[in-house]
Amino acid sequence: MQTPSFEQLLEATCHFGHLKRKWNPAMAPYIFMERNGIHIIDLYKTQAKLEVAANALKEIAKSGKKVLFVATKKQAKQVVADRANSVGMPFVIERWPGGMLTNFATIRKAVKKMAAIDKMAKDGTLDNMSKREKLQISRQRAKLEKNLGSIADLNRLPSAIFVIDVMKEHIAVAEANRLGIPVFGIVDTNSDPNVVDFAIPANDDASKSIDIILATVCEAINEGINERKVEKIDNKDEEEAVAEEKPRRQRIRRKAEPKAEEANEAPAAE
C-alpha cells in the first residue's frame, strides 16, 4: 500500500474545505489556512490520518471481517460502489435503512425475503400466480434489491463502517457508535471529527477527492485479504508437513516370560 503524495492529494482537490462561516471548531487542528473565505485543509495531516486508517482497515480485512461502506450523496455513489465491489465489501449507496445496525435482525429478514422471491421464480411458483400478484412481487423484489441488494452477503454485523460524509450519514455513525463498531470517515471542515474513530480530513464533496482516498483504503483492504489467503496456505502446508514427519508408533513385541512354576523348578540330578 502506497499513501498518495502531497501533490496527488492537491491535484485531487482534497484540500478544499467549506466556507469559513460553516466550519466546525473541532476541525481547527486540521485546517492549514483560510483563502477567499474558504478553509484549506492541511494535506500533510490528511496523509498521516489516511495512512493510519488504511493500516487499521488492512488488519480488519486480514482477520476475515467485513467493512461496510456508506455513501448516499450523489457524487460518491458510483465511486463507492465500484471500489467496494473491487474488494468484495458490502456498501450502502441509497437511503440508509434506519436501524440497519441496531435492528440488524429485521434487515436480515428483508434480505431473506428477497432470496425467497428468487426461489419462487426458480421453482415456478410465480408462474402459477395471477398477473397482478406477479407484478406486486416483482416490484417488491426490485425495491429490496435497490436498497439491500449490496448487503445481501452481510450475514452478521460489520466489524467497521466507512462513511464519506459524517454529517450526511449521521444516523449510520450514531448507530455504529451505539454498538461500539469502529467508524472510519472522510471529514470535511464543517463536520465533527470526534464522532468517528478514524477521521481523514479531506474534501468530501469532490468525486476526485473521494476516489483517491477510497483507492488507498481499498488497496490496503485488498492487501489484508491477500495476506490472509497466503497465511491460510502456509498454515495448511505446515500442518501437512508435521503430519508427514510424525513417526509412526512401532509395536514392540515382548518376549514371553517363563511361568512361575517352571522358574522355581530345580534341574533334575543325573
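See the structure printed just above.
Nothing here was measured: the structure is a model prediction, and the numbers come from that model.

## Quick word on the nonpolar core
So, point 1. In this structure, F69, V80, F162, I164, I213 and I221 are the most contacted members of the largest nonpolar core, which totals 37 residues.
So, point 2. Of all the secondary-structure elements, those providing two or more residues to this core are α2 (43-62), β4 (67-70), α3 (74-86), β6 (160-163), β7 (183-187) and α7 (207-245).
So, point 3. Considering every element that reaches this core, the biggest residue donor is α7, with eight residues.
So, point 4. In terms of nonpolar packing, the next biggest core, distinct from the first, is built from 28 residues, L101, I151, I161 and A199 among them.

## Let's talk about the sheet that holds strand β3 (residues 38-41)
So, point 1. Ordered in space as β1-β3-β2, the three strands form an open sheet in which the pairing is antiparallel. Whereas interior strands pair on both sides, the edge strands pair on one side only; in this sheet they are β1 (16-19) and β2 (31-35). Geometrically, the sheet is characterised by an average inter-axis angle of 30° between neighbouring strands, direction not taken into account.
So, point 2. With two bridges joining them, β1 and β3 adopt antiparallel strand pairing. From the neighbouring strand, F16 faces β3, where its bridge partner is I40.

## Quick notes on α2
So, point 1. The end-to-end C-alpha separation of α2 is 28 Å, in line with the 28 Å expected for 20 residues at 1.5 Å each.
So, point 2. L43, T46, Q47, L50, A53, A54, A56, L57, K58, I60 and A61 are the residues of α2 that are buried.
So, point 3. In this structure D42 caps α2, since a side-chain oxygen of it lies 3.1 Å from the backbone nitrogen of Y44.
So, point 4. Within two residues after α2, G64 carries a phi angle of roughly 85°, on the positive side.

## Description of unusual backbone geometry
So, point 1. The backbone of T13 sits at a positive phi, close to 60°, despite the residue not being glycine.
So, point 2. With respect to the helices, strands and loops of the structure, T13 is situated in the loop between α1 (6-11) and β1.
So, point 3. The exposure class of T13 is partly exposed, given its relative accessible area of 22%.
So, point 4. Backbone geometry at N36 places phi at a positive 55°, although glycine is not the residue there.
So, point 5. Its location among the elements puts N36 in the loop between β2 and β3.

## Describing the sheet that holds β4
So, point 1. The parallel open sheet is built from five strands, whose spatial order is β5-β4-β6-β7-β8. Both outer strands of the open sheet, β5 (91-92) and β8 (198-201), are each paired with one neighbouring strand and no more.
So, point 2. Note that β4 and β6 share four bridges and pair parallel. Paired with V67 across the strands is A160, a residue of β6.
So, point 3. Its contacts with the sheet place helix α6 (residues 170-179) against β4, β6 and β7, and it is angled at close to 160° to β6.

Parameters at a glance
- Think of each chain on its own: its residues are numbered from 1, step by step along the sequence as written.
- Totals for whole chains, interfaces and linings use all residues, but because this is a predicted model, local features are given only for residues with pLDDT of at least 70 and pairs of side-chain atoms are given and counted only at 80 or more.
- As a convention, hydrogens and water are excluded, and side-chain values are obtained from all of the structure's heavy atoms.
- The set of buried Ala, Val, Leu, Ile, Met, Phe, Trp, Tyr and Cys residues whose side-chain atoms join them within 4.5 Å is what this entry labels a nonpolar core.
- Relative accessibility thresholds used throughout: buried, under 20% of the residue-type maximum; exposed, over 50%; partly exposed, between the two (1.4 Å probe, protein chains only).
- Helix and strand definitions follow DSSP, with helices as H or I runs of at least four residues and strands as E runs of at least two, each counted in order from the N terminus.
- We call two strands paired when DSSP finds no fewer than two bridges between them.
- Between N-to-C directions, angles cover 0 to 180 degrees, with each direction set by a line fitted to C-alpha atoms, over the stretch in contact for helices.
- The span expected for a helix works out to 1.5 Å for each residue beyond the first.
- Each polar contact in these results corresponds to two N or O atoms within 3.5 Å; when the atoms are within protein, one needs to be able to donate a hydrogen and the other to accept it, and residues that are neighboring in sequence are counted only if both atoms are side-chain atoms.
- Any two residues whose heavy atoms approach within 4.5 Å at even a single point are treated as in contact.

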